[in-house]
Amino acid sequence: MIPITGHTHLTALLGSPVAHSISPLMHNEAFRLLGLDYVYLCFEVNEETLPAAVEGLRTCGIRGFNLTMPNKNKVVELLDELSPAARLIGAVNTVVNDNGKLTGYNTDGVGYMQSVKDAGYDIIGKTITVMGAGGAATAICAQAALDGVETIHIFARKTSRFWGRTQKLAYNINSTLSCHAILHDNKDQAALKESISQSALLLNATSVGMAPDTDASIIADTSLYRPDLIVSDVIYNPRETKFLREAREAGCQTFNGMYMLLYQGAEAFRLWTGQDMPVAEIKAKYFSE
């Protein structure tokens, strides 16, 4: 273990809940392997306490931090600058502090699309259905569109505060890219059935089913599953959500959010340190089933 010194750079995760996160293990092991004088910690911070936390970390000179649920959208208004991708998405999961200037990035979409490849699937040129309109959902939709997914059906609550932002994202995708993005109300079960029937992949990009509320699933009607459907969850605790378990029992191919976490973290690591995370070693130690 690298000793903590007066020169140690602090990095962190802000979210609620965060006690389950394996990000500290991943980043601290990567720092150790590369001999970097950095440390990564978790802080229990929600949307109400986020403004004070961000200002405190800025004042203390933190090198950077990650955001997880529920903070990815709220943090946008607290930063000095956004990367082009973060501005398009309207959500941030990684912040870099350069002498008091906080710049927000979003590495979730890159991480998810790499995780699809890692799981052995090719969704380029195909149709997908995404459940959710939060930070992870919008990041994934944007990156999927950029990478060449043909059609994205997005399901969200029409009463959600993110509905308008997701409408704007769909408009931007449709007006600037060849991908076709369609936003639906969660209550439209007929549209959900039709969308899933056309899709190669169904993704839960919400917190539904995450520990400790593991009895919940984003999909109530399990008859929507079919054996050739790929079913994915951004959640990795538990490793198999009720959503994934029911899909697997219906014959679907499934994978969780573990590798998305790995690859989005690797990009954050690069932004903070300027070095590549030793992904192969981290994957073997913490991400093998």
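Everything quoted here is computed from the prediction, not taken from an experiment.

## Focus: empty space enclosed by the protein
Step number 1: Per the counting criterion, the structure on display carries one cavity of 30 Å³ or more.
Step number 2: In this model, the largest cavity occupies a volume close to 390 Å³.
Step number 3: Every residue lining the largest cavity is counted, 24 residues in all, and those nearest its centre are Thr68, Lys72, Val234, Tyr236 and Leu261.
Step number 4: Listed by contribution, the elements that provide at least two residues to the lining of the largest cavity are strand 3 (64–67) and helix 9 (258–273).
Step number 5: Among the elements that take part in the lining of the largest cavity, helix 9 stands out by supplying three residues, more than any other.
Step number 6: Of the residues belonging to the lining of the largest cavity, the class tally is 13 nonpolar, nine polar and two charged.

## A word on the side chain of Thr151
Step number 1: Mapped onto the secondary structure, Thr151 falls in strand 8 (residues 151–156).
Step number 2: Given the relative accessible area of 12%, Thr151 is considered buried.
Step number 3: When neighbours within four sequence positions are excluded, Thr151 is seen to be in contact with Lys126, Thr127, Ile128, Cys179, His180 and Ile182.

## Observations regarding the state of the cysteines
Step number 1: Inspection of the entire model under this criterion finds zero disulfides.
Step number 2: Here Cys60 stays unpaired: no disulfide links it, and the sulfur of Cys42, its closest cysteine neighbor, is 17 Å away.
Step number 3: Here Cys141 is not disulfide-linked; the sulfur of Cys179 is the nearest cysteine sulfur, at 8.4 Å.
Step number 4: On the accessibility criterion, Cys141 (1% relative accessible area) is buried.

## Comments concerning helix 6 (residues 163–176)
Step number 1: The end-to-end C-alpha distance of helix 6 is 20 Å, a good match for the 20 Å that 14 residues give at a rise of 1.5 Å each.
Step number 2: Looking at helix 6, one finds that the buried residues are Trp163, Arg165, Thr166, Leu169, Ala170 and Ile173. Looking straight down helix 6, one finds its buried side chains confined to an arc of 160 degrees; they lie on one side. Residues Lys168, Tyr171 and Thr176 are exposed on helix 6 and point more than 90 degrees away from its buried face.
Step number 3: At its buried positions, helix 6 is contacted by helix 3 (84–89), helix 5 (135–147), strand 8 and strand 9 (180–185).

## Focus on the packing of helix 1 (residues 23–34) against helix 9
Step number 1: Direction vectors running N to C along helix 1 and helix 9 enclose 50 degrees, while the axes themselves pass 11 Å from each other. Taken as axis vectors, helix 1 and helix 9 run oblique relative to one another. In the crossing of helix 1 with helix 9, the sense of the turn from one axis to the other is right-handed. For the pair formed by helix 1 and helix 9, the contact residues are Ser23, Met26, His27, Ala30, Phe31 and Leu34 on the first element and Leu261, Leu262, Gly265, Phe269, Trp272 and Thr273 on the second.
Step number 2: Of the residues in the contact of helix 1 with helix 9, the class split is eight nonpolar, four polar and no charged.

## Here's the deal with helix 8 (residues 242–249)
Step number 1: Of the positions making up helix 8, those classed as buried are Phe243, Leu244, Glu246 and Ala247. Take helix 8 and look down its axis: the buried residues cluster within an arc of 165 degrees, on one side only.
Step number 2: Check the buried side of helix 8 and you find it contacts strand 10 (201–204), strand 11 (230–233) and strand 12 (253–255).
Step number 3: Remark: Gly251 follows helix 8 within two positions and exhibits a positive phi of approximately 100 degrees.

## Some points on the sheet that holds strand 12
Step number 1: Ordered in space as 9-8-7-10-11-12, the six strands form an open sheet in which the pairing is parallel. Two strands lie at the open edges of the sheet, namely strand 9 and strand 12, each paired on one side alone. Across the sheet, the mean angle from the axis of one strand to that of its neighbour is 15 degrees, orientation sign disregarded.
Step number 2: In this structure, strand 7 (residues 127–131) lies alongside strand 8, joined through five bridges in parallel fashion.

## Thoughts on the packing of aromatic side chains
Step number 1: Going through the model one piece at a time under the given rule, you end up with seven aromatic pairs.
Step number 2: Measuring from ring centre to ring centre gives 6.0 Å for Tyr40 and Trp272, while their planes differ by 45 degrees; the resulting arrangement is tilted. You can see Tyr40 sitting in strand 2 (residues 38–44) and its partner Trp272 sitting in helix 9, a full 232 residues away along the chain.
Step number 3: The class for Tyr40 is buried, based on a relative accessible area of 1%.

The rules behind these values
Residues numbered from 1 in each chain as written. Predicted model: local features only at pLDDT ≥ 70, side-chain atom pairs only at ≥ 80, totals over all residues. Heavy atoms only, no water. 1 Å grid on protein atoms, 1.4 Å probe; cavity = no way out; pocket = protein on both sides within 12 Å on 5 of 7 lines; lining within 4 Å. Points joined across faces, edges and corners; volume = space filled by probe spheres on them. Helix = DSSP H or I, 4+ residues; strand = E, 2+ residues; numbered from the N terminus. Nonpolar A, V, L, I, M, F, W, Y, C, P; charged D, E, K, R; others polar. Buried < 20%, exposed > 50% of the residue type's maximum accessible area, 1.4 Å probe, protein only. Contact = heavy atoms within 4.5 Å. Disulfide = S-S within 2.5 Å. Expected span 1.5 Å × (residues − 1). Arc of directions from axis to C-beta. Axes fitted to C-alpha atoms, helices over the stretch in contact; angles between N-to-C directions. Parallel < 35°, antiparallel > 145°, perpendicular 65-115°, else oblique. Left-handed = near helix turned anticlockwise from the far one by under 90°. Pairing = 2+ DSSP bridges. Phe/Tyr/Trp six-rings, centres within 6.5 Å; stacked < 30°, edge-to-face > 60°.

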